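# Fold and contact review
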Amino acid sequence: MRKPKVVVLGAGYGGIMTVVNLQKKLGVNEADITLVNNNDYHYQTTWLHENAAGTLHHDRSRIAIKDIIDRSKVDFVQDTVEQVVPEEKKVILKNGEVTYDYLVMALGFESETFGIKGLKEHAFSIANINAARQIKEHIEYQFATYSNMKEKKDELLTIIVGGAGFTGIEFVGELANRVPELCQEFDIAREKVKVICVEAAPMILPGFDPELVEYARNYLERKGIEFRIGTAIKECTTEGIIVGADDNVEEIKAGTVVWAAGVRGSAVVEGSGFEAMRGRVKVEPDLRAPGHDNVFIVGDSALIINEEINRPYPPTAQIAMQQGETCAHNLTVLIREQGNMETFTPDIKGTVCSLGHDDAIGTVFGRKLVGWQAAFMKKMIDNRALFLIGGPLLVIKKGKWNFL
Ligand code: FAD
Ligand code: NAD
């Protein structure tokens, strides 16, 4: 009998957790499993702000896919997904195509620029590993250029971070530690460097616990981070950014602008005809795309509603990984034609926001944490993710052990 073909697109948290769980559940003779990803490695998206600031080498965040998958059960195809054609059960890749009986779309997120002028052209975003590496290189280049200038342009040393959500705050937290190192490396006085985080809402980390937010703001300000809150970025230019509205417009010159003010789902999802809101498909409770019995969508391209507040859950790795487990279970039920599919319900254990590697804020199992305890917890969360993906050996190889 022909084995059903399962194709998983994307080896981020959602995709890799689907594959890791499928290979545990299914025998070699039960299904042909293919994983498609544009790189031959998985990367820890939740560590990208560290790679972008230059506080963590990118090789620490990359994990070879061959080291995670069971190659007797899973074929790996390194290629870029261009489009899914659900009517023909096929996926068009840059260099070929694959057909499927069951498909899992786990292509992650893209930066959301809300149509703001100049952002796509002139701002960086922490959207994937090579984008993060480019930010690191760019900042270093600006510092090197400044040190070699005869007539110094101080604005080269200004770094603007758009958005004080979790990504923006975690990134400026890393910069707070990295800037003094850069100053030493390039013989530059610390007071010449400005890191300005611009946030449209009236507070940083809008919606998060106010006491923890205050701790974070005070801590980061003490380390030299400037905040411009209640200030929306209106435009990005070759010189910096424009903020404000109508008659109250201001230009802030900067050598580096990093846009960290929102995400949307993968463009492939919309481009394949799935009904989506900002690239995210409101999936059925079993994680299938509405009207598509053989297509699952997990991770940042899936939209699920928190019924308690009637608003979408924020897209997180925590949810993407849990969806991967549920998706693997539901696929196993479909393939074996026995058992019951599960309804996906996120099990939110907490949220921890790092402020550099040595401090953090968070709520875990309802308890508030700050300082070294929160930073320790963040590393435990990172190590747990590694454990779920690749077991104890991966934790030993790539884990975070710098607890002091
Ligand atoms: P991803 O993990 O982004 O993976 C998508 C994969 O698909 C990638 O491997 C990519 O290379 C591949 N891909 C994309 N397009 C194509 C294509 N066309 N063809 C082939 N392959 C493709 N969440 C938390 O819960 N906790 C945190 O602490 C946290 N920190 C974060 C820090 C930063 C800096 C950022 C940016 C996000 C953070 N998040 C965090 C959010 C979290 O990273 C995402 O929600 C999570 O990565 C989503 O998982 P995913 O599988 O949908 O996508
Ligand atoms: P976000 O949407 O959570 O935050 C974006 C911020 O940018 C908001 O505060 C918004 O008010 C602001 N903003 C929007 N437009 C603006 C403008 N024109 N000018 C200035 N500010 C503007 O996005 P994010 O921080 O990239 O996070 C994306 C997802 O990843 C979220 O779901 C988040 O929870 C998750 N994440 C989690 C962690 C963690 O758990 N530690 C870390 C990073 C990201």
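Rules used throughout
- Residues numbered from 1 in each chain as written.
- Chains lettered and ligands numbered in written order.
- Predicted model: local features only at pLDDT ≥ 70, side-chain atom pairs only at ≥ 80, totals over all residues.
- Heavy atoms only, no water.
- Near = heavy atom within 4 Å.
- Polar contact = N/O pair within 3.5 Å; in protein donor to acceptor, adjacent residues only side chain to side chain.
- Areas by Shrake-Rupley, 256 points an atom, 1.4 Å probe, with all protein chains shown as cover.
- Helix = DSSP H or I, 4+ residues; strand = E, 2+ residues; numbered from the N terminus.
- Nonpolar A, V, L, I, M, F, W, Y, C, P; charged D, E, K, R; others polar.
- Buried < 20%, exposed > 50% of the residue type's maximum accessible area, 1.4 Å probe, protein only.
- Contact = heavy atoms within 4.5 Å.
- Domains from an automatic or database assignment.
- Pairing = 2+ DSSP bridges.

## Thoughts on the site of ligand 2
In the vicinity of ligand 2, 24 residues are found, and the nearest of them are Thr 167, Glu 199, Ile 233, Pro 315 and Val 352. A distance of 3.1 Å is found between a nitrogen atom of ligand 2 and a side-chain nitrogen or oxygen belonging to Glu 170. Against a free-state accessible area of 850 Å², the protein chains account for coverage of 76% of ligand 2. If one sorts the elements of the shell around ligand 2 by residue count, helix 6 (residues 166-186) sits on top with 3 residues. Residues of the shell around ligand 2, tallied by class, amount to 14 nonpolar, 7 polar and 3 charged.

## Some remarks on the environment of Ile 69
With respect to the helices, strands and loops of the structure, Ile 69 is situated in the loop between strand 4 (62-64) and strand 5 (74-78). Of the residues examined, Ile 69 reaches a relative accessible area of 9% and is grouped as buried. Not counting residues within four places of it along the chain, the set of residues in contact with Ile 69 comprises Val 19, Gln 23, Leu 35, Val 74 and Phe 76.

## Focus on unusual backbone geometry
Even without being glycine, Asp 187 reaches a positive phi, approximately 55°. Its place among the elements puts Asp 187 in the loop between helix 6 and strand 12 (194-198). A relative accessible area of 72% places Asp 187 in the exposed class. One non-glycine residue, Leu 287, lies in positive phi territory at about 80°. Along the chain, the position of Leu 287 falls in the loop between strand 19 (281-282) and strand 20 (295-297). Of the residues examined, Leu 287 reaches a relative accessible area of 1% and is grouped as buried.

## Overview of the site of ligand 1
Around ligand 1 sit 30 residues, and of these Gly 14, Asn 38, Val 81, Asp 300 and Lys 378 come closest. Measuring from an oxygen atom of ligand 1, one finds a backbone N or O atom of Tyr 13 at 3.2 Å. A distance of 3.2 Å separates an oxygen atom of ligand 1 from a polar atom in the side chain of Asn 37. Here ligand 1 loses 88% of its free accessible area of 1,000 Å² to cover by the protein chains. Taken together, the elements giving at least two residues each to the shell around ligand 1 come down to helix 1 (13-25), helix 6 and helix 9 (317-336). Ranked by residue count, the leading element in the shell around ligand 1 is helix 9, at 3 residues. Of the residues that make up the shell around ligand 1, three or more belong to each of domain 1 (5-111 + 263-348) and domain 2 (119-259).

## Points about the pairing of strand 25 (residues 360-364)
In terms of burial, strand 25 is a largely internal element, 4 of the 5 residues being buried. As paired strands, strand 24 (residues 350-354) and strand 25 are joined by 5 bridges and run antiparallel to one another. Across the sheet, Thr 351 pairs through a bridge with Thr 363, a residue of strand 25. Connecting strand 24 to the next strand, strand 25, in antiparallel fashion are 5 residues, including Gly 356 with a positive phi near 85°. Sheet topology note: the strand 25/strand 26 (residues 367-370) ladder contains 4 bridges and is antiparallel. In the strand pairing of strand 26, Ile 361 is matched with Val 370. Once strand 25 ends, the chain turns through 2 residues before running back antiparallel as strand 26, passing Phe 365 with a positive phi of about 50°.

In short, geometric facts, not functional conclusions.
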